[in-house]
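# Structural overview
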Amino acid sequence: MSGIFEYNGGSIVGMKGKNCIALACDRRFGQQMQTITMNFQKVFKMQDNILLALGGLATDIQTFHALMEYKLNLYNLKENRKMKPSTFANLVASSLYERRFSPFFVSPIVAGLEEGKPVLATYDSIGCTSDLDNFQVGGTASDQQNINFILPSIYGACESFFKPDLSPEELEEVLAQALVSGCDRDAASGWGGLVYVMTEKNITIKFLKTKQT
Amino acid sequence: MDSIFAIQGKDYVIIACDGSVGFSILKIKDLEDKITVLDDNKVLGVSGEGADRNNFSEFIHKNLNLIKYRTGNALGMNETANFIRYQYAQAIRSRSGPHNCNSILGGVDKDGTPSLFWLDYLGALQKITRGAQGYAGYFLLGLLDNQYKKDLNLEEGIEIIKKCIHEMQTRFLISQSKFIVKIVTKDEIKQILL
């Protein structure tokens with residue numbers, strides 16, 4: 001397993017539903033083949049209607065999350081209002097590009113609900129935003145970085161399980177299946193999963209059991 | 001080559017380190033203390049090349065003291081861990097480069113809750129209940145996972161550490177005859193030699 005994005009392992013995936021949105025991540029934190037902990041946080045609640053998931057190098061996940069918290073808090077203090085999800089999505093992209101020549105080795109996914117409509121955006125490590133698809137993946141169980149292998153990936157699982165306009169319960173089930181199938185075949189991801197489903201009313205968190213390897 | 005391993009119990013943490021210092025094929029010293037006492041309730045075990053290890057632990061120790069004098073109170077465990085993580089994370093993209101050492105921070109807060117943190121040279125931080133740095137991980141993580149249970153008392157904790165030391169001495173290629181073990185409780189930091 002070479003490559004700085006695969007060093008710590010981990011996978012994340014996001015999916016849009018009908019007036020709801022869900023993010024899922026695995027819980028593994030490792031150093032190449034060795035697993036260090038099984039409860040590493042990769043999804044962060046930035047605001048009641050914004051979730052940020054980060055895959056990639058663990059130190060940059062923690063640093064980038066702290067940076068986004070800082071920028072969001074400063075925005076709240078200066079503008080005296082909450083940030084819109086689409087604005088936050090833009091903020092993530094520009095913050096990544098700020099480090100164009102010394103990038104954060106992260107694969108972020110932003111999920112939010114803006115006036116009831118789901119917002120889902122994914123980026124490469126230097127801020128190229130992709131927000132047109134109904135689901136987005138990041139991390140080692142996607143096939144972003146491992147171009148030499150035919151990867152067992154969450155993409156495949158997502159594509160087969162996804163349907164447009166899923167209800168929150170259905171979305172949770174679909175995303176759980178996609179994450180578990182993807183992670184069970186990826187050595188660098190797993191050790192449990194978490195699915196966050198965001199609706200207008202609340203965010204629910206479900207814990208998943210994956211293959212414990 | 002350094003072995004640092006640690007376990008958290010009901011109201012204490014134990015961090016152990018091997019004492020050997022090597023230079024190519026030579027063992028220069030066999031009782032080097034690689035666990036720095038940061039405060040009267042926290043210790044930092046650092047694993048890495050001699051100079052980086054000494055430099056980093058001293059740097060952290062003195063900076064924490066500075067914060068204590070400037071603000072009037074010492075940092076708690078969580079704050080200390082995040083402070084150390086920040087130093088690591090800042091360093092990786094700096095002119096001087098990363099701090100080439102990994103650490104385990106252990107201590108007990110004023111209210112009696114013990115905590116243990118694993119930090120690597122890049123700045124990844126994880127709160128753990130048992131862990132190891134260096135080659136020790138390959139031999140001991142399985143053993144620690146197997147033996148650990150919630151709310152271990154002190155005797156059980158020390159027994160587990162003894163088993164870990166026995167494992168390292170049996171199976172690790174590099175002979176590590178002496179281990180320094182620091183036990184941190186709310187009231188004191190005890191050091192024993194195993």
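We now turn to the structure provided with this report. Computed from a predicted model, the values in this text were never measured in an experiment.

Rules behind the numbers
- Residues numbered from 1 in each chain as written.
- Chains lettered and ligands numbered in written order.
- Predicted model: local features only at pLDDT ≥ 70, side-chain atom pairs only at ≥ 80, totals over all residues.
- Heavy atoms only, no water.
- Helix = DSSP H or I, 4+ residues; strand = E, 2+ residues; numbered from the N terminus.
- Buried < 20%, exposed > 50% of the residue type's maximum accessible area, 1.4 Å probe, protein only.
- Contact = heavy atoms within 4.5 Å.
- Polar contact = N/O pair within 3.5 Å; in protein donor to acceptor, adjacent residues only side chain to side chain.
- Pairing = 2+ DSSP bridges.
- Axes fitted to C-alpha atoms, helices over the stretch in contact; angles between N-to-C directions.
- Buried area = accessible area lost by both parts, 1.4 Å probe.
- Salt bridge = Lys/Arg side-chain N within 4 Å of Asp/Glu carboxyl O.
- Nonpolar A, V, L, I, M, F, W, Y, C, P; charged D, E, K, R; others polar.

## So, the environment of Thr 35 of chain A
Topologically, Thr 35 of chain A is positioned in strand β4 (residues 34-37). Overall, the relative accessible area of 21% leaves Thr 35 of chain A in the partly exposed class. When the C-alpha positions of Thr 35 of chain A and Ser 189 of chain A are compared, they lie 9.8 Å apart, and in sequence the two are 154 residues distant. Sequence-distant contacts of Thr 35 of chain A, that is, excluding residues within four places in its chain, are made with Arg 28, Phe 29, Gly 30 and Trp 191 of chain A together with Leu 141 of chain B. Of the polar contacts made by the side chain of Thr 35 of chain A, one reaches the side chain of Arg 28 of chain A; its length is 3.1 Å.

## A word on the sheet that holds strand β7 (residues 101-108) of chain B
All names here are of chain B. Within the open sheet, the five strands sit side by side as β5-β6-β7-β8-β9. Their pairing is antiparallel. Both outer strands of the open sheet, β5 (35-37) and β9 (125-128), are each paired with one neighbouring strand and no more. For this sheet the average axis-to-axis angle between neighbouring strands, irrespective of direction, equals 20°. Of the strand pairs in this sheet, β7 and strand β8 (residues 114-119) are connected by six bridges, and their pairing is antiparallel. In the strand pairing of β8, Gly 107 is matched with Ser 115.

## Section: the sheet that holds strand β1 (residues 4-8) of chain B
Residues and elements named next belong to chain B. In spatial order, the strands read β10-β1-β2-β11-β12; together these five strands make up an open sheet with antiparallel pairing. Because the sheet does not close on itself, it has two edges, and the strands there are β10 (130-133) and β12 (189-193). Strand after strand, the sheet turns through a mean of 15° between neighbouring axes, direction not considered. Taken together, the five bridges between β1 and strand β2 (residues 12-18) define a ladder with antiparallel strand orientation. Its bridge partner being in β2, Phe 5 is matched across the sheet by Ala 16. The sheet contacts of helix α3 (residues 136-147) involve β1 and β10, and relative to β10 the element is tilted by about 175°.

## Quick notes on the interface of chain A and chain B
Facing 19 residues of chain A, the contacting portion of chain B comprises 16 residues. Between chain A and chain B the total buried area reaches about 1,400 Å² when both faces are included, carbon and sulfur atoms providing 51% of it. The interface formed by chain A and chain B holds one salt bridge in total. A salt bridge links Arg 93 of chain B to Asp 60 of chain A; the shortest N-O distance between them is 2.6 Å. At the boundary of chain A and chain B, one finds nine residue pairs in polar contact (both at pLDDT 80 or more). For the side of chain A that touches chain B, the elements supplying multiple residues, two or more each, are β3 (29-31), β4 and α1 (58-79) of chain A. Among the residues forming the side of chain A that touches chain B, the class breakdown is nine nonpolar, nine polar and one charged.

The values are spatial; any link to function lies outside them.
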